[in-house]
Amino acid sequence: MDIQMNSIEVKDLTKQFGSFTAVDKVSFTVKQGEIFGFLGANGAGKSTTIRMLIGILEPTSGDALVGGYSIMKQPDKVKTQIGYMSQKFSLYNDLTVEENIRFFAGVYGLTGKKYEERKKWVLKVANLEGKEKLLTNSLPGGIKQRLALGTAVIHEPKIVFLDEPTSGVDPVSRRNFWDLINDLSAGGTTVLVTTHYLDEAEFCNDIILINAGRLIAQGNAKALKTNYIKNTILEIESDRVVDSMGILEKEDWVGETSIFGNSIHIILNDNAKGEADVRDILTTKNSINVHRVDKIVPTLEDVFIHLLEKDKTNVS
Amino acid sequence: MFHRIYAIAKKEFRQLKRDTRMLFIVFFFPVVLLAIFGYAINFDVKHIKVAVYDQDKSDYTREYLNGLVSSEYFDIVTHIDSDDEIKRLLDEKIVQAVIVFPNDLSRRLNNNEEVKVQYLVDGVDGNTANVIVNYVNAATYSYSLKLTKEYLAVKGKEIYVPINLEPRFWFNPELESTKFLIPGLMGMILIITAVISVSLSIVREKERGTIEQINVSPLSSLELIIGKTAPYIMISLINAAIVLLAGYLLFGIVIKGDIFLLLFSTLIFLFAALGLGIFISSIADSQQVAFQAANVTSLLPSLILSGFIFPIESMPAVIQWVTNITPAKFYIVSLRAILLRGVGISAFWEQLIYLMIFGVIFISLAALVDRKAKAA
């Protein structure tokens, strides 16, 4: 059984709200058992896409197969294949931990031994063993999140959708949460996760980036860094960061510029240029003291800023 | 299917158990309403306060007044000696009516002449004023008749009254307004608790986002609606039982008709009320909006337009037509038929059919709104 099946196949998925196109002919495939990162700014169409894939919003056109079932023709079958956890906590705050688990187990028809077994598992992953009687409202955010994920997959779905599961959670809890996602993936569950934390994107097997409803890049983190930016990127540290950026921006051979802390990243339009040219402009012509100029491998952030800028000019 | 409905219903009960605001609406509210309407709102006019300006001070006037106060309808509060006081007493609402006997009363009666007794009645509350005048008429007529008899007796004759009116009131022989109010009250309490509780319980899930989790589960809309409404149907039936029990204990109302027919009609009414509640939850996005909408669509019409207090027959034609918007109207007709008259379903089956149509219309509308939201 080495054949890699596709868990999700999205084809020309489109959603229009009146004259506004929220999702515009998006196509991608997600392989079974992988962690698939879905990136984009707020309002780019991530949630709309997910809501169509889980069968609670009807696409305007296009289709997708989720777990082998069409979201247009068999949305009810799709629902038997998936688990879903949204950015809002989907637990009942006025129920206890155990009552929440019991409710979701009941909705998915888990009874008897199977229920006991899954309850134990959820309590373990949420680190809530012995705390079943606590009101969910009283739990800390990170724990609540793990409990929400646990209950979302209590019926052991083949595919789980996580819509910005870690927004508003401290870094340690985020780390723990990602360990849980990795465990699920290792167990064969396909995980599609939306996020705008780029460090989280590095954990994904595959990534897509959407902007203004359109897919603008896809591939794994490494491919994105090498395929989408062919130009050289220089990291420059100087005395006057903002002034330096303003001066460099005016040069024809300099593409996008962005500030990273006390340094600037510039993407070159002309790969023949280099450190000497930077020092010439800044130090010789403008007498700004330059500490260092390094050629760097782009970060995902560089890639995305580059792609979003490029997309902006394409749109306008 | 059953275990999914059971899971929803059980969860609903657990949430209700911890929701003091909802518990208040569901259990305490009906008791308050019952107490207010049962005791405070009393349309029976009794113990009317009157003042007497007796300028004659004779046996006649004394006898006349005795006749008046022997019923429990009139209480003589004060005797006055001048015209000026009449105005003050009525202005300050110390009395509701003033009786003025002229100073030539006994002289004229002794001469077999006609006498005019003046009643000054506070007409602000038209209903009560009417009742007062009716009582006074009856009392005056009966004293007048007595005087006529005595006069004729002296002449050696007997009076002959050709037609004597003998009214008998069926179903509510003492014409007590509480008997008339209890069925209406029950309808109102049931519709408020049903519409408010169901719409709030659904909208709360929308507001908190938990509805998403249910929407992505294999749970069907039908299972969700049955699971969500079942607990409130049970609670509404308990409420109905409380109102009936209180009606019996406090106001002596017994169920004359078939108790199963009562249960059956109540379930159909609840179906209509829950339909309205579900519809409200489909258009409202916050609990606040849902609460307001539930109030406006259930409480007001069932109070004003259902025939609970104000008879529909005496409303203008247009308003009579508008009364059809409240299912309580049809339930109250059925309830009065079962509780007070003890008649069978043949007397009110049309009402039940209307209630079913009402429920179906609103559930369909809710489904339509839901469908649109999904495709929007």
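Residues numbered from 1 in each chain as written. Chains lettered and ligands numbered in written order. Predicted model: local features only at pLDDT ≥ 70, side-chain atom pairs only at ≥ 80, totals over all residues. Heavy atoms only, no water.

**Details of the overall build of chain A**
For chain A, the count of helices and strands is eleven helices and 14 strands. Projected onto its principal axes, the C-alpha positions of chain A cover 80 × 45 × 45 Å. Per-residue burial for chain A yields a buried fraction of 52% across its 316 residues. Long-range pairs, those at least 24 residues apart, make up 69% of the contacts in chain A between residues at least 6 apart in sequence. Split by element, the accessible area of chain A, about 14,400 Å² in all, is 49% carbon and sulfur. One way to put it: in chain A the 37 positive side-chain charges average out to a point 6 Å from where the 42 negative ones average out. (Helix = DSSP H or I, 4+ residues; strand = E, 2+ residues; numbered from the N terminus. Buried < 20%, exposed > 50% of the residue type's maximum accessible area, 1.4 Å probe, protein only. Contact = heavy atoms within 4.5 Å. Areas by Shrake-Rupley, 256 points an atom, 1.4 Å probe, with all protein chains shown as cover. Lys, Arg positive; Asp, Glu negative; His and termini not counted. Charge placed at Lys NZ, Arg CZ, Asp CG, Glu CD.)

**Regarding the packing of aromatic side chains**
All names here are of chain B. Applying the stated criterion to the full structure yields 17 aromatic pairs over all chains. Arranged with centres 3.9 Å apart and planes meeting at 25 degrees, the rings of Tyr 73 and Tyr 135 form a pair that is stacked. Here Tyr 73, found in the loop between helix 3 (59-69) and strand 2 (74-79), pairs with Tyr 135, found in helix 6 (residues 126-154); they are 62 residues apart in sequence, far enough to count as distant. Ring centres of Phe 358 and Phe 362 lie 4.7 Å apart, and the angle between their planes is 40 degrees; this geometry places the pair in the tilted category. Residue Phe 358 and its partner Phe 362 are located together in helix 14 (residues 349-375), separated by four residues, close to a single helical turn. (Phe/Tyr/Trp six-rings, centres within 6.5 Å; stacked < 30°, edge-to-face > 60°.)

**Some words on the domain arrangement of chain A**
Parsing chain A into structural domains produces domain 1 (6-225) and domain 2 (230-297). The centre of domain 1 of chain A, based on its C-alpha atoms, is set 41 Å off from the matching centre of domain 2 of chain A. (Domains from an automatic or database assignment.)

**Concerning the pattern of salt bridges**
All names here are of chain A. Under the counting rule described, the total for this entry stands at 40 salt bridges over all chains. Lys 46 is the salt-bridge partner of Glu 164, the closest N and O atoms lying 3.2 Å from each other. Of this pair, Glu 164 sits in the loop between strand 7 (159-163) and helix 6 (171-186) while Lys 46 is found in helix 1 (residues 46-53), placing the two residues 118 residues apart along the sequence. With respect to burial, Glu 164 and Lys 46 carry one shared label: buried. In this structure, Glu 275 and Arg 279 form a salt bridge, with 3.1 Å as the shortest nitrogen-oxygen distance. (Salt bridge = Lys/Arg side-chain N within 4 Å of Asp/Glu carboxyl O.)

**Quick word on helix 11 (residues 287-304) of chain B**
All names here are of chain B. For helix 11, spanning 18 residues, the distance from its first C-alpha to its last is 25 Å, which sits close to the expected 26 Å at 1.5 Å a residue. For helix 11, the full list of buried residues reads Gln 287, Ala 290, Ala 294, Asn 295, Ser 298, Leu 299, Pro 301 and Ser 302. Where helix 11 is buried, its residues contact helix 2 (20-40), helix 7 (177-208), helix 10 (259-283) and helix 13 (327-341). (Expected span 1.5 Å × (residues − 1).)

**Section: the pairing of strand 12 (residues 254-260) of chain A**
All names here are of chain A. One ladder, built from five bridges, connects strand 12 with strand 13 (residues 263-268); its direction is antiparallel. Residue pairing across strands places Val 254 opposite Leu 268, the latter belonging to strand 13. Adjacent in sequence and paired antiparallel, strand 12 and strand 13 are bridged by two residues, among which Gly 261 carries a positive phi angle near 65 degrees. (Pairing = 2+ DSSP bridges.)

**Structural notes on the nonpolar core**
Counting 86 residues, the largest nonpolar core has Leu 53, Leu 149, Phe 161 and Leu 192 of chain A as its most contacted members. Broken down by element, this core gets its largest block of residues, six residues, from helix 3 (residues 97-107) of chain A. Those residues in contact with Leu 149 of chain A, other than ones at most four positions away along the chain, are Met 85, Val 160, Leu 162, Phe 177, Leu 180, Ile 181 and Leu 184 of chain A. Membership of the second largest hydrophobic core comes to 64 residues, among which are Leu 34, Leu 200, Phe 308 and Ala 366 of chain B. (Core = buried A, V, L, I, M, F, W, Y, C linked by side-chain atoms within 4.5 Å.)

**A closer look at the environment of Phe 279 of chain B**
Residues and elements named next belong to chain B. Locating Phe 279 in the fold gives a position in helix 10. Residue class for Phe 279 comes out buried when judged on its relative accessible area of 17%. For the pair Phe 279 and His 3, spaced 276 residues apart in sequence, the C-alpha to C-alpha distance is 25 Å. Setting aside its immediate chain neighbours within four residues, Phe 279 contacts Phe 362, Leu 365, Ala 366 and Val 369.

**Structural notes on the environment of Phe 203 of chain A**
All names here are of chain A. One can find Phe 203 in the loop between helix 7 (198-201) and strand 9 (206-211). In this structure the C-alpha to C-alpha distance between Phe 203 and Leu 184, which are 19 residues apart in sequence, comes to 13 Å. Setting aside residues no more than four positions away along its own chain, Phe 203 makes contact with Ile 35, Arg 175 and Trp 178.

**Notes on the interface of chain A and chain B**
Listed by partner, the interface residues are 31 residues for chain A and 28 residues for chain B. Summed over both sides, the interface of chain A with chain B buries roughly 2,600 Å², with 55% coming from carbon and sulfur. On the chain A side of the contact with chain B, Tyr 92, Asp 94 and Val 107 of chain A bury the most area, a combined 21% of that side's loss. Taken together, the links from chain A to chain B amount to four salt bridges. A salt bridge links Arg 14 of chain B to Glu 99 of chain A; its shortest N-O distance comes to 3.5 Å. The tally of links from chain A across to chain B stands at ten residue pairs in polar contact (both at pLDDT 80 or more). (Buried area = accessible area lost by both parts, 1.4 Å probe. Polar contact = N/O pair within 3.5 Å; in protein donor to acceptor, adjacent residues only side chain to side chain.)

**What to know about the sheet that holds strand 14 (residues 290-296) of chain A**
Think of a sheet as strands paired side by side through backbone hydrogen bonds, with each pair either parallel or antiparallel. Residues and elements named next belong to chain A. The antiparallel open sheet is built from four strands, whose spatial order is 12-13-11-14. The two strands at the open ends of the sheet, each matched to only one other strand, are strand 12 and strand 14. In this sheet, adjacent strand axes meet at a mean angle of 20 degrees when their direction is disregarded. In this sheet, strand 14 lies alongside strand 11 (residues 233-238) in antiparallel orientation, the contact comprising six bridges. What sits directly across from Glu 235, in strand 14, is Asp 294. Here helix 9 (residues 241-249) sits on the sheet and contacts strand 11, strand 12 and strand 13; the angle it forms with strand 12, its principal contact strand, is near 170 degrees. (Axes fitted to C-alpha atoms, helices over the stretch in contact; angles between N-to-C directions.)

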